[in-house]
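What the coordinates show
So you can see what is in the structure, the chains are spelled out below.
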Amino acid sequence: MNAGERIQTAGSTLEEVRFQNTFAGLPAGFHSKLAPQALPEPYLVAFNPDAAALIGLDPREAQRPEFAEVFCGNRLLPGSDPLAAIYAGHQFGVYVPQLGDGRAHLLGEAVGPDERRWDLQLKGAGRTPYSRMGDGRAVLRSTIREYLASEAMHALGIPSTRSLAIVGSDKPVMRENVETAAVLTRMAPSHVRFGSFEVFYHRRQYEHLRTLADYVISHHYPGLTGVEKPHAALLREVIRRTARTVARWQAVGFCHGVMNTDNMSILGITIDYGPYGFLDAFDANHVCNHSDDGGRYAYNRQPGIAQWNLACLAQAMLPLMTEEDAMDAVNGFESDFEEEYAPAMRAKFGLATVREEDSELLRGLFQLLQENRTDYTIFFRRLCDFDASPDATNHELRDLFLNREAFDRWAAEYRARLMAEGSDDRQRAESMRRANPKYVLRNHLAETAIRRANEERDYTEIERLRALLSRPFDEQPEMESYAGFPPDWAGSLEVSCSS
Ligand code: AMP
Ligand code: MG
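Residues numbered from 1 in each chain as written. Chains lettered and ligands numbered in written order. Predicted model: local features only at pLDDT ≥ 70, side-chain atom pairs only at ≥ 80, totals over all residues. Heavy atoms only, no water.

**Some words on the overall build of the chain**
A tally of helices and strands in the chain yields 17 helices and twelve strands. Rg of the C-alpha trace for the chain: 23 Å, near the compact-globule value of 23 Å for 499 residues, within the 12% margin. Dimensions of the chain along its principal axes, counting C-alpha atoms only, are 70 × 60 × 55 Å. In the chain, the proportion of contacts linking residues at least 24 apart, taken out of those at least 6 apart, comes to 73%. Just so you have it, the chain exposes about 20700 Å², and 50% of that area is on carbon and sulfur atoms. A gap of 2 Å separates the mean positions of the 55 positive and 71 negative side-chain charges of the chain. (Helix = DSSP H or I, 4+ residues; strand = E, 2+ residues; numbered from the N terminus. Rg over C-alpha atoms; globule rule 2.2 N^0.38 Å. Contact = heavy atoms within 4.5 Å. Areas by Shrake-Rupley, 256 points an atom, 1.4 Å probe, with all protein chains shown as cover. Lys, Arg positive; Asp, Glu negative; His and termini not counted. Charge placed at Lys NZ, Arg CZ, Asp CG, Glu CD.)

Written as structure tokens, this is what we have:
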């Protein structure tokens with residue numbers, strides 16, 4: 001190994017992080033350039049070496065006192081060019097003409113060792129021209145929730161923003177109660193949203209619209225450069241990716257909570273983790289966001305809402321394509337969704353082949369889960385060990401149902417289906433364990449980490465959860481209690497838009 005290689009393995013220092021700020025190079029109408037607001041006496045709360053590796057940052061840098069200063073925005077790295085981006089969006093179905101990064105600063109795009117660029121975005125780093133009535137801050141509670149969820153989703157194989165660090169401060173922040181401020185550094189190839197297009201469409205700034213579409217193509221969909229009708233192709237591809245991401249949400253039982261068009265990524269990745277939730281007891285109508293009175297963003301409505309949001313994007317892109325192309329693109333959503341959802345569900349059930357009767361088998365199970373309010377994650381994990389021999393009772397599974405006779409009837413059908421394709425118990429269990437996570441970020445797990453952080457300044461639970469959830473499909477025997485049913489007190493937890 002020569003010296004050059006050694007330096008690369010060790011990673012760069014903070015000051016050596018390379019920036020290429022392509023978004024900052026867009027015209028002035030796209031953003032406001034400004035530095036973050038100072039945060040008093042910042043300290044490091046959480047650091048994620050996996051995300052640091054993406055930008056080639058040496059993990060030992062987290063031990064420097066400058067690290068907290070940098071990732072709360074008090075100290076700017078050379079080459080960064082901080083800005084807040086403009087966007088609009090449909091919030092709960094209503095168009096809001098101007099939103100924008102009201103509490104987020106894009107520091108710049110850090111270039112990784114593989115030359116990929118990553119937005120380094122500080123969330124909670126103070127007011128911007130888009131803050132409206134907000135204070136520009138985020139509270140420690142919500143940064144912990146977002147930090148953990150994005151890493152958990154990534155590890156589940158679901159496209160997501162990533163989390164680099166949380167920096168805290170004792171600065172009081174007023175929400176329902178007084179809490180303390182924190183800044184989350186999140187990373188993504190881009191934070192452009194559907195709402196970034198909508199703002200220019202509704203203001204009739206069609207030149208900006210075209211510039212944005214061309215920018216997204218050249219930096220994030222390079223395969224579409226030079227194709228016939230590139231903007232229609234872009235829309236089609238965004239729809240495909242969004243459908244796939246939401247199909248995976250459904251398969252794993254993830255509820256986003258605030259699927260407004262400003263929270264929908266142009267890359268089809270999961271962004272903006274607020275009042276999200278993973279299903280505990282199965283309820284197709286589950287609404288995870290306490291502020292969502294009408295249940296607009298209920299679990300079973302997510303695919304339909306995604307398509308509705310994509311229709312908003314398509315409308316915003318109309319000046320760039322024919323109505324027919326836009327309609328065709330949006331109408332493709334359902335088959336895009338099915339193309340991802342059907343194999344994801346087959347994998348969860350351990351079915352190697354496709355059969356006509358399968359939709360009936362799945363429907364039957366979901367009805368049982370609903371009627372018995374069976375725990376979604378635990379059911380599928382236990383299903384991995386289904387014993388398909390004729391006299392097996394599968395009591396571990398059976399015990400998850402109040403109506404055990406109904407389960408027995410379903411299990412008989414499932415057994416027959418497995419027999420029909422000559423399924424082998426051991427092989428099936430192995431592949432199913434890669435489709436059915438053992439560990440998901442249930443609300444009460446995040447809540448425990450939040451309480452320890454807020455009440456005892458003990459941040460170890462955050463790191464314990466991050467490490468646990470980075471391997472959600474693996475048996476981790478010493479962490480068995482994290483795979484159990486939610487405790488009784490979890491039922492009274494309420495998560496809302498307050499963040
Ligand atoms: P969200 O519901 O978190 O996606 O935020 C919707 C909009 O409100 C975005 O434009 C945010 O930047 C803005 N926003 C949310 N919270 C605050 C805050 N505390 N201060 C300023 N702007 C905020
Ligand atoms: Mg948002």
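**Quick word on the pairing of strand S10 (residues 178–188)**
Where a strand is regular, its side chains alternate between the two sheet faces. For S10, the tally of buried residues reaches nine of eleven residues, placing the bulk of the element in the interior. Strand direction decides the pairing type here: strand S7 (residues 117–123) and S10, joined by five bridges, are antiparallel. In the strand pairing of S10, Gln121 is matched with Arg186. Looking at chain direction, strand S8 (residues 138–139) and S10 are connected through two bridges and run antiparallel. Across the sheet, Val139 pairs through a bridge with Ala181, a residue of S10. (Buried < 20%, exposed > 50% of the residue type's maximum accessible area, 1.4 Å probe, protein only. Pairing = 2+ DSSP bridges.)

**A look at the pattern of salt bridges**
Tallying each qualifying case throughout the model produces 41 salt bridges. Across the pair Asp358 and Arg417 runs a salt bridge whose closest N-O atoms are separated by 2.5 Å. Of this pair, Asp358 sits in helix H11 (residues 358–372) while Arg417 sits in helix H14 (residues 404–420); the two residues are 59 residues apart in sequence, bridging distant segments of the chain. For the pair formed by Asp358 and Arg417, the shared burial category is buried. In this structure, Glu461 and Arg452 form a salt bridge, with 3.1 Å as the shortest nitrogen-oxygen distance. The exposure class assigned to Arg452 is partly exposed, which follows from its relative accessible area of 30%. (Salt bridge = Lys/Arg side-chain N within 4 Å of Asp/Glu carboxyl O.)

**Observations concerning the site of ligand 1**
Taken together, 17 residues lie around ligand 1, and Gly100, Gly102, Arg132, Asp135 and Gly136 are the ones closest in. A distance of 3.4 Å separates a nitrogen atom of ligand 1 from a polar side-chain atom of Arg175. In the environment of ligand 1, an oxygen atom lies 3.0 Å from a nitrogen or oxygen atom belonging to the side chain of Asn263. In the complex, 81% of the free accessible area of ligand 1, which totals 480 Å², lies under the protein chains. Partitioning the shell around ligand 1 into residue classes produces two nonpolar, seven polar and eight charged. (Near = heavy atom within 4 Å. Polar contact = N/O pair within 3.5 Å; in protein donor to acceptor, adjacent residues only side chain to side chain. Nonpolar A, V, L, I, M, F, W, Y, C, P; charged D, E, K, R; others polar.)

**Points about the coordination of the magnesium ion (ligand 2)**
Of the protein atoms, only Asn263 (OD1) and Asp272 (OD) coordinate the magnesium ion (ligand 2), at distances of 1.9 to 2.2 Å. Looking at Asn263, the relative accessible area reads 10%, which means it is buried. (Donors = N, O, S within 2.8 Å, 3.2 Å for Na, K, Ca; no water.)

**Comments concerning the environment of Ser496**
Take Ser496: it is sitting in the segment after helix H17 (460–469). If we skip the residues at most four places from it in the chain, Ser496 touches Glu176, Pro275, Asn289, His290 and Ser291. Within the structure, the side chain of Ser496 is placed 3.2 Å from the backbone nitrogen of Ser498, a separation counted as a polar contact.

**So, the domain arrangement of the chain**
Looking at the assigned domains, one finds that the chain contains domain 1 (14–194) and domain 2 (351–433). Averaged C-alpha coordinates put domain 1 and domain 2 at centres separated by 43 Å. (Domains from an automatic or database assignment.)

**Here we look at the packing of helix H4 (residues 140–155) against H17**
In contact at an axis separation of 9 Å, H4 and H17 are set at 15° when each is read in the N-to-C sense. When the interaxial angle is binned, H4 and H17 end up roughly parallel. Remark: the crossing between H4 and H17 carries right-handed chirality. From H4, Ile144, Tyr147, Leu148, Ala152 and Ala155 reach across to H17, where they touch Ile462, Leu465, Arg466 and Leu469. Residues belonging to the contact of H4 with H17 are distributed by class as follows: eight nonpolar, no polar and one charged. (Axes fitted to C-alpha atoms, helices over the stretch in contact; angles between N-to-C directions. Parallel < 35°, antiparallel > 145°, perpendicular 65-115°, else oblique. Left-handed = near helix turned anticlockwise from the far one by under 90°.)

**Looking at the packing of helix H16 (residues 443–456) against H17**
Between H16 and H17, the least distance of the axes is 8 Å, while the angle of their chain directions is 155°. In this view, H16 runs roughly antiparallel relative to H17, as classed from their interaxial angle. The residues of H17 that touch H16, namely those facing Leu445, Ala446, Thr448, Ala449, Arg452 and Ala453, are Glu461, Ile462, Arg464 and Leu465. Among the residues forming the contact of H16 with H17, the class breakdown is six nonpolar, one polar and three charged.

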